[in-house]
Amino acid sequence: MKVMLLRWAVVVLLAYFFVPWLFGANAYLMSLIVASLVIGGVALAWALLGNLGGMISFGHSAFFGVGAYVSALLAINADFPIWLAMVCGGIGALLVSVLMLPTLRLKGPYFAIAILAYAQIFRIIATEWRSLTNGVAGLSSIPSLPAVLWWESGSKISSYLIVVTLVFAFILVYRWVANSHYGLALRAMHESEDATRVVGVNSTLLKAAMLLLSACMTGMIGAFNAHYINFLEPDYAFGGVWIVIPIVAAIFGGYRTIWGPLVGAVVVYLVDQLLFKNIFPSGHQIILGIILVVMILFSPGGLLPLLTVRTRKRTC
Amino acid sequence: MLEIRNLEAGYGPINVLWDVSLSIAEGRVTTIIGPNGAGKTTLLRAIVGLLQPRKGEILFRDRPIHGMAPWHLLEAGIAMIPEGRMIFRDMTVEDNLILGAFPKARRAGVARNLERAYTLFPRLRERRRQLAGTLSGGEGQMLAMARGLMSEPQLLLIDEPSLGLAPVIVNELFEIIADLKAEGRTIVLVEQNTHKAVGVADEVYLMLSGKVAWSAPARDVDLAVLHDLYFSR
């Protein structure tokens, strides 16, 4: 317990104090860190469904995009305060996932494919509903994120502080679910849904709740991102990158751990942008692919278990 | 305690149970025997709500329960120890047991029921931190039974506990079933080991091809006659 509190204290101190203090002046680095946290947030939300719930989703781009559009439109057209608009973005994504509930009747790859197809519906709506979304031209001058403390609205540091808080909140939600009775039931559900029903778990309701929660979290991150970059177009907001990168991050970091998806996202994205992009300006993603394959071959549990095994060996 | 009337159930276009009626008395052990494919497991699945019956009714304490969800039935007091054990192999023995008491109303009694489970199955206490997948077949069956008891069921359905187990373990399991019977529990036991099953039972039903072919109080059962019926198809 003490060790855990200490670890939290260190992480919180690092996140809220050292990162802005050390890198705050470097706008490029800060923007990379914020972008990596956005991916980390989606990866966490994805892992809540994919790891805890055992449902591999290829449809999180729909939640991300809908969250982004709902929040942006409410802020532009209805002058919603940004905080409220972001919450509404989360709720919008949640409502979308309610429409998606029938896919939960499918299992494994069938669920993944159905949700992938379903996600496209929303990209098409965003493209074609020109009167509302301005079609492929997209939305520009989306209001910026609010100011935090003495850092002005839309500045890198204030954006960073908002997204880091959001991600910490996700970690807490994830932990709470994973350690609760429901986390136990979700783990059991991987093996046999019938068996969990036999022990009295309302597996249908539990899966639905996970989908809703995951969608809501993804929507809020999408909303954050929209106000952060101030611009949206359908192919970006509903892009395949929001499907693939979080999955890569979650697997790379160790999707069976709570911190894994986040660490994976930050490491993968930063290494890719700072290192590989400089070496191979185009096609640098191929290295990510290779690293992912190597990781799956040599440490299927991901980066975090790999590190903990190493340290444990050293101590004994 | 449990009344089944004219039950029909099956999977997709295939019907398995044809007009099954039987009644289960409180505090007794009712054994259902029959060859593979007779519909014994299907009957249990229909009772606990894993399968929706097409026709007929199931009454539990005079209340219709057909069409209810499995989780509601568990709360009502019906637990099943499924065929093939269905333990959660990637979880510890203790987590498996805790899941057995999942319904909200049962969570308060977890500590007490855990202790009782370990007293009944001392081997599980030794292995409580071990992953359930590493248990032997017999231990796995004990875990499945202990998990079923965690919800303090009024009616316990046990599906082929002896499946794939060594005779010594089977004897041990039937001793435990006899103990549960002595506690006054209501048990429905589905078995292929007719000799053992009839030995522990109060009431015997024989199912053949989705129908109840024959029934009798256990003390009147002549195993030779029963075996003739069993193989008469």
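This structure is a prediction, so every number in the text was calculated from the model and none was measured.

With 19 residues of chain A at the contact, the number on the chain B side is 23 residues. Carbon and sulfur atoms make up 69% of the area that chain A and chain B hide from each other, which totals about 1900 Å². Along the contact surface separating chain A from chain B lie two salt bridges. Here Asp194(A) makes a salt bridge to Arg45(B), at a shortest N to O gap of 3.1 Å. Along the contact surface separating chain A from chain B lie three residue pairs in polar contact (both at pLDDT 80 or more). Residue assignment for the side of chain A that touches chain B shows that the elements contributing at least two residues are α8 (181-191), α9 (193-198) and α10 (203-229) of chain A. Residue composition of the side of chain A that touches chain B, grouped by class: eight nonpolar, seven polar and four charged.

On to the state of the cysteines. Inspection of the entire model under this criterion finds zero disulfides over all chains. Cys216(A) supplies the cysteine sulfur nearest to Cys88(A), a cysteine that is in no disulfide, at a spacing of 10 Å.

Here we come to the sheet that holds strand β1 (residues 2-11) of chain B. Residue and element names in this part refer to chain B. Reading across the sheet, the four strands line up as β2-β1-β4-β5 and stay open at both edges, with antiparallel pairing between neighbours. Of all strands in the sheet, those bounded by a partner on one side alone are β2 (14-24) and β5 (63-64). Note that β1 and β2 share seven bridges and pair antiparallel. Bridged to Gly10 within β2 is Asn15. The strands touched by helix α1 (residues 40-47) within the sheet are β1, β2 and β4 (55-60), with β1 carrying the most contacts at an inclination of about 110°.

All names here are of chain A. Tracing the chain through its elements places Ser214 in helix α10. Polar side-chain contacts of Ser214 include one of 2.6 Å to the backbone oxygen of Ala45. Non-local contacts of Ser214, meaning those with residues more than four positions away in its chain, are made with Ala45, Trp46, Leu48, Leu49 and His60.

This part is about the packing of α8(A) against α10(A). Geometrically, a packed helix pair is captured by the angle between its two axes and the distance between the axes. Residues and elements named next belong to chain A. One way to put it is that α8 packs onto α10 with a least axis distance of 11 Å and a crossing angle of 105°. Relative to α10, α8 is oriented roughly perpendicular. On the side of α8, the interface is formed by Tyr182, Ala185, Leu186 and Met189, while α10 contributes Ser203, Leu206, Lys207 and Met210. Each residue belonging to the contact of α8 with α10 can be placed in one class, and the counts come to six nonpolar, one polar and one charged.

Let us now look at the pairing of strand β10 (residues 211-217) of chain B. Residues and elements named next belong to chain B. For strand β9 (residues 203-208) and β10, the ladder comprises six bridges, and the chain directions are antiparallel. Note that in β10 the partner of Leu208 across the bridge is Lys211. In this antiparallel pair of consecutive strands, β9 and β10, the connection spans two residues, and Ser209 shows a positive phi of 45°.

Let us look at the environment of Thr42(B). Relative to the assigned elements, Thr42(B) resides in helix α1. In this structure the C-alpha to C-alpha distance between Thr42(B) and Pro53(B), which are 11 residues apart in sequence, comes to 9.8 Å.

Attention now moves to the confidence of the model for chain B. Residue-level pLDDT values for chain B average 89, and 100% of them are 70 or greater. Per the prediction output, this complex has pTM 0.84; the corresponding ipTM is 0.80.

All right, on to the packing of aromatic side chains then. As enumerated under the stated definition, the model contains 11 aromatic pairs over all chains in all. Judged by centre distance (3.9 Å) and plane angle (20°), the rings of Phe64(A) and Trp242(A) are stacked. Here Trp242(A) lies in helix α12 (residues 241-253) and Phe64(A) lies in helix α3 (residues 60-77), a separation of 178 residues in the sequence. Residue classification places Trp242(A) among the buried residues on the basis of a relative accessible area of 7%. Between Tyr69(A) and Phe238(A), the aromatic rings sit 6.0 Å apart at their centres with planes inclined by 20°, giving stacked as the arrangement. One end of the pair, Tyr69(A), is in helix α3; the other, Phe238(A), is in the loop between α11 (234-237) and α12, with 169 residues separating them in the sequence. Neither Tyr69(A) nor Phe238(A) differs from the other in exposure class; each is buried. Site record: aromatic cluster; members linked through ring pairs are Trp8(A), Tyr16(A), Phe168(A) and Trp259(A). Positioned above the aromatic ring of Tyr182(A), the side-chain terminus of Arg107(B) is 5.7 Å from the ring centre.

Calculation criteria
Residues numbered from 1 in each chain as written. Chains lettered and ligands numbered in written order. Predicted model: local features only at pLDDT ≥ 70, side-chain atom pairs only at ≥ 80, totals over all residues. Heavy atoms only, no water. Contact = heavy atoms within 4.5 Å. Buried area = accessible area lost by both parts, 1.4 Å probe. Salt bridge = Lys/Arg side-chain N within 4 Å of Asp/Glu carboxyl O. Polar contact = N/O pair within 3.5 Å; in protein donor to acceptor, adjacent residues only side chain to side chain. Helix = DSSP H or I, 4+ residues; strand = E, 2+ residues; numbered from the N terminus. Nonpolar A, V, L, I, M, F, W, Y, C, P; charged D, E, K, R; others polar. Disulfide = S-S within 2.5 Å. Pairing = 2+ DSSP bridges. Axes fitted to C-alpha atoms, helices over the stretch in contact; angles between N-to-C directions. Parallel < 35°, antiparallel > 145°, perpendicular 65-115°, else oblique. pLDDT = per-residue confidence, 0-100. Phe/Tyr/Trp six-rings, centres within 6.5 Å; stacked < 30°, edge-to-face > 60°. Buried < 20%, exposed > 50% of the residue type's maximum accessible area, 1.4 Å probe, protein only. Lys NZ or Arg CZ within 6 Å of the ring centre and 35° of its normal.

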